[in-house]
Amino acid sequence: MLEQGEAIKQLADEFKECQKILLALGDENRQHLILEMMQMEGCSGVRVGDITERTNLSRPAVSHHLQILKDAGILKMRREGTKNYYYFDADTDAMNSLLRMISHAKGIMEQLPDRSGEND
């Protein structure tokens, strides 16, 4: 088992590794897009225009947010002629890194003493 200081340093490294996916998921507009996509029928993919119709965002804004989600490994895109379809297909390495970091953070927090001052 790692000493607490070493464990926190390792957690910081893990956090840095997950920053791209955390940034992508941390934005309220992207969360809204993800929720809208989850509620749309058909898992074969959705087009920017379909998502734009269901949000208060402009087409360029939707495209921008989808690109960030794609770069973070949350979405993928396929082309059919001139049409682009976005669909969920998370990068398993990125997701596993995120889960590992969260689990590690939880483990460290469970070992820390109460610092709230409420039990004094």
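Residues numbered from 1 in each chain as written. Predicted model: local features only at pLDDT ≥ 70, side-chain atom pairs only at ≥ 80, totals over all residues. Heavy atoms only, no water.

Engineer: Help me out: how do you make sense of the packing of helix α1 (residues 4-26) against helix α5 (residues 92-111) in this one?
Structural biologist: When two helices pack together, their arrangement is given by the angle between the helix axes and by the axis-to-axis distance. Direction vectors running N to C along α1 and α5 enclose 135°, while the axes themselves pass 9 Å from each other. Between α1 and α5, the interaxial angle falls into the category oblique. Once α1 is placed against α5, the crossing between them reads as left-handed. Contacts between α1 and α5 involve A7, I8, Q10, L11, E14, F15, E17, C18, I21, L22 and L25 on the former and, on the latter, A94, M95, S97, L98, R100, M101, H104, A105 and I108. Taken together, the residues that form the contact of α1 with α5 break down as 14 nonpolar, three polar and three charged. (Axes fitted to C-alpha atoms, helices over the stretch in contact; angles between N-to-C directions. Helix = DSSP H or I, 4+ residues; strand = E, 2+ residues; numbered from the N terminus. Parallel < 35°, antiparallel > 145°, perpendicular 65-115°, else oblique. Left-handed = near helix turned anticlockwise from the far one by under 90°. Contact = heavy atoms within 4.5 Å. Nonpolar A, V, L, I, M, F, W, Y, C, P; charged D, E, K, R; others polar.)

Engineer: Where do I start with the pairing of strand β1 (residues 75-80) in this structure?
Structural biologist: Sheet topology note: the β1/strand β2 (residues 83-88) ladder contains six bridges and is antiparallel. Directly across from L75, in β2, lies its bridge partner F88. The hairpin formed by β1 and β2 contains two residues between the paired strands, and G81 there has a positive phi angle of roughly 65°. (Pairing = 2+ DSSP bridges.)

Engineer: Where do I start with the pattern of salt bridges in this structure?
Structural biologist: Side chains that carry opposite charge are capable of pairing whenever their charged atoms lie near each other. Inspection of the entire model under this criterion finds five salt bridges. Of the charged contacts in the structure, one is a salt bridge between E36 and R54, with a shortest N-O distance of 2.8 Å. Pair noted here: E36 is in helix α2 (residues 28-39) and R54 is in helix α3 (residues 48-54), with a separation of 18 residues, a long-range link. Its relative accessible area of 12% is what places E36 among the buried residues. A residue is classified by how much of its surface remains accessible, and R54, at 36% relative accessible area, is partly exposed. Residues K106 and E110 are paired through a salt bridge, measuring 2.7 Å at the closest nitrogen-oxygen approach. Note that K106 and E110 are positioned in helix α5 at a spacing of four residues, about one turn of the helix. Residue K106 is classed as partly exposed on the basis of its relative accessible area, which comes to 49%. Classification of E110 as exposed rests on a relative accessible area of 54%. (Salt bridge = Lys/Arg side-chain N within 4 Å of Asp/Glu carboxyl O. Buried < 20%, exposed > 50% of the residue type's maximum accessible area, 1.4 Å probe, protein only.)

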